[in-house]
Every structure is written in structure tokens, then in C-alpha cells.
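# Observations on chain architecture
Chain residues, written in single-letter form:
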Amino acid sequence: MLSILIAAGTALPACAQQPVNGTSYYLPKTALRFTLLIEKTTYTPGQFAIYADRYMKTGNVQLQPGQSYRIVSTRMVPVGVPDSAKQFTLDLEKKLSISNIDRDENGILLAINAKGHRQELPAPFVPGRKKALPNPRDFMNEDILTAGSTAKMAELTAQEIYDVRENRSMLVKGQAEFMPKDGEQLRIMMNSLNQQEAALMQTFEGTSVKDTTEVVLNFTPTAETDRQLFFRFSNKLGLTDTDDLGGSPYYISVKRANNVPTPAPTAKEEKKAKDDFGLNVNVPDKIEVTLYKEEQPVEQYEVLAGQFGKMENMSAELFGKKQTSKLLLYPVTGSIEKIEVENVK
């Protein structure tokens, strides 16, 4: 029993071990969450691909199966992650009017004497249901299916396609042997002919099936950087390792706006130390983020980042005997979102 208790005690997460005289918390640093929608196209050659140019006059038909990839869209969302260099402990032994301290699941401080709000990330991408491709054999007549060779099947299939096109043309011109009675019947007949042609053309042109997936890449800037390698992407392989030269390089640059200068120390620092109970907030600075594909810029963003700028210490007077405060912080930057001061009754 003793060994079980010891094992259970050592298995407790570090975030659950709180100091006796206070509560530990982190201020966040701002990470960049990039979401890439990558489309994969899988090509399968048709049964009569080698006869496509002879019978359908369709050039450049691929005879071998293959796959290709492309980036459909790029989206960036800033997120807050714990900054290990900014871990602090609130000294609650002092007589402070603090009734509630709200942190997120990672220990980032969100609010004091109030309920903070968590960051809501965009919903993950959910691909739509793919429509099943028609089976060309369902549209082949008896002559095609019983032909003695592949070449003869290809010839008869091509003739069937030309017959479908001729029938459609006669319908459009109003010269068909059996004309529809109304517009709805015409629409049904045209859709049927279009479906038949598309299915039979697959035997010559082949099929291309597209699948779209979502890939998330995280980047946490710690200093200004110029064209740092972020990831590589290949039209033939998709997302590749950064050391795989088969993929085109994508770079990321970070430039600080320097809108928040660091103040010089003053004579009031000693007085502030007396009112210091361990509460700090970020004063973030703006950064300009540019994503490059090789040498060309692809996307540009402006973001407030908690690790840039400066940090300020909050006085214990905000939570004193005569007045108290409700403090809300932005979960992404660690800066003050709202502060309300109330008199203590």
C-alpha cells in the first residue's frame, strides 16, 4: 500500500503541485498556428487510353497513373502557449481582496476575481462526401462488351460517344425523333446523355480523384528572423521534410515593429517592490510576419506577440483593503483586456 501511494504521488503532474503560500501561473508567448489545406489528385488512366488520340483526337492523355499535390489555401491564427521564462507565483499571504484566480489548462493566467475566456480555435476542416464515379460498363451496349479485342471495344465505345453527342445536338435543335413534352423532360434527357458521355469518356481520358486534407504547422517566434526555413512542399510528394531537397522551400520572416520601447529604470522601482505580490502582465509589440515560397512572398500578417514588447508589474494596491479589481487578460498575448476597480464595502 505504501509503494502504491508513493507511485501515485510521483505520477501527479507538475502543474498540480502548488506552493503553500500562493498560486503559480504563466504568461503566454504568442505562437503562430498555420493551417494548410492540401489537395491530392490521384489520376488513373482509362481502359482505352492508348487509343484516345486515334479515336477521340484527345492529345496528351497520360498512360501511367500518378499523384499530384497543391496548396489550396493558407490560414494563420495566433495562439497563446505558456512562456517558461515567465512563470510567477502570486503571494497570497498578503491581505489581498482576491477571491478567484482563473487559469487555463496549461497554467496561463486568464483573470483575477473574474472568469476569463478561453481562445476559440477555428473548427477543423471536414472534407465533403465524394460523389461516386459512374461505371463506364453500365453504359456500354452489347456490341462493345462482346467485342473480341480491346482495340475493337475502343472503336465501338468511341462511336457510341459520337452517337450520344449527335442525339444531344438534335435535342437542342429540336430535330430529335422523340422530342420531350416539356422543359423538365428535356432537362432529364439532357442529363442522361451528359452522364452517359462522361462515363464513356473515362475509358479514354481516365479519372482524377481529389482528396483535401488539413495540415497544421506551428511556429513560435522568439526574435526577428529573415527567411528562416519553415517547411518544404512538392507537387509530386506533398509536404516533405525540411532537409528533403525534392520539395520547394517555404520561408518565414519576422520583423518587430518596435512600438513598445523598454523603459529605463527609475527611482520608483524600490517603492514598486513593496507592492509587488507577483502579478505581471505583458505589453505586447506588433510583429510583421511574411511567408515566402522560394523568393516570392505568399502571405503577410500583422500580429501582437507577448514575447515582444515589455512586461509590467501590477501593484498590490489594486487588491487592497479599500478597493479591489476585476482583471481580465487576453489569452494569446497576456496583456490587459479589461480592468474594473470597485470599492470594498
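As a reminder, the structure under discussion sits directly above these lines.
Along every chain, residues carry numbers that run from 1 in the direction the sequence is written. Selection of residues for local features in this predicted model requires a pLDDT of at least 70, selection of side-chain atom pairs for listing and counting requires 80 or more, and totals for whole chains, interfaces and linings are taken over all residues. Note that water and hydrogens are dropped before the side-chain values are worked out from all heavy atoms of the structure.

### Looking at the layout of surface pockets
- The way it works is a 1 Å grid over only the protein atoms, where trapped points that fit a 1.4 Å probe form a cavity and open points with protein on both sides within 12 Å along at least five of seven lines form a pocket, and then any residue with an atom within 4 Å of a point lines it. Grid points are joined across faces, edges and corners, and a volume is the space filled by probe spheres set on the points. Quantified by volume, the second largest pocket comes out at close to 200 Å³.
- Lining of the second largest pocket is provided by Val79, Gly80, Val81, Asp104, Glu105, Asn106, Ile108, Leu110, Arg118, Gln119, Leu121 and Pro331.
- The element contributing the most residues to the lining of the second largest pocket is strand 2 (residues 66–91), with three residues.
- In the lining of the second largest pocket, the residues fall into six nonpolar, three polar and three charged. A run of H or I in DSSP becomes a helix once it reaches four residues, and a run of E becomes a strand once it reaches two; helices and strands are each numbered from the N terminus. Ten residue types, Ala, Val, Leu, Ile, Met, Phe, Trp, Tyr, Cys and Pro, are classed as nonpolar, four, Asp, Glu, Lys and Arg, as charged, and the remainder, Gly among them, as polar.

### A short note on the sheet that holds strand 4 (residues 109–112)
- Pairing between two strands requires that DSSP report at least two bridges joining them. Within the open sheet, the four strands sit side by side as 3-4-11-12. Their pairing is antiparallel. A strand with exactly one partner marks an edge of an open sheet, and here the two such strands are strand 3 (101–103) and strand 12 (336–343). Direction aside, the axes of adjacent strands within the sheet are offset by 20 degrees on average.
- Alignment of strand 4 against strand 11 (residues 323–329), held across two bridges, turns out to be antiparallel. When the bridges of strand 11 are listed, isoleucine 112 appears paired with leucine 327. Between the N-to-C directions of two axes lies an angle of 0 to 180 degrees, each axis being a line fitted to C-alpha atoms and, for a helix, fitted only over the stretch in contact.

### Remarks on helix 5 (residues 183–205)
- Working rule for helices: expected span equals 1.5 Å times residues minus one. Across its 23 residues, helix 5 extends 32 Å between first and last C-alpha, which sits within 8% of the 33 Å expected from 1.5 Å per residue.
- Only protein chains enter the accessibility calculation, which uses a 1.4 Å probe; a residue whose area is less than 20% of its type maximum is buried, one above 50% is exposed, and one in between is partly exposed. All of the buried residues along helix 5 are Met190, Leu193, Gln196, Glu197, Ala199, Leu200, Met201, Gln202, Thr203 and Phe204.
- We call two residues in contact when some of their heavy atoms are within 4.5 Å. Looking at the buried side of helix 5, the elements it contacts are helix 2 (52–56), helix 4 (150–173) and strand 5 (207–219).
- Following helix 5 by one or two positions, glycine 206 has its phi on the positive side, about 80 degrees.

### Topic: the pattern of salt bridges
- Every case where a carboxyl oxygen of Asp or Glu lies within 4 Å of a side-chain nitrogen of Lys or Arg is listed as a salt bridge. One pass over the full model with this rule turns up 14 salt bridges.
- Ionic pairing is found between lysine 210 and glutamate 39, a salt bridge with its closest N-O pair at 3.9 Å. Pair noted here: lysine 210 is in strand 5 and glutamate 39 is in strand 1 (residues 22–44), with a separation of 171 residues, a long-range link.
- Under the relative-accessibility criterion, glutamate 39 is labelled buried at 10%.
- Taking the shortest distance from any N to any O, the salt bridge between arginine 168 and glutamate 197 comes out at 2.6 Å. Taken as a pair, arginine 168 in helix 4 and glutamate 197 in helix 5 lie far apart in primary sequence, 29 residues in all. Here the two residues arginine 168 and glutamate 197 agree in accessibility, since each one is buried.
- Through salt bridges with shared partners, a single network forms among Glu39, Arg70 and Lys210.

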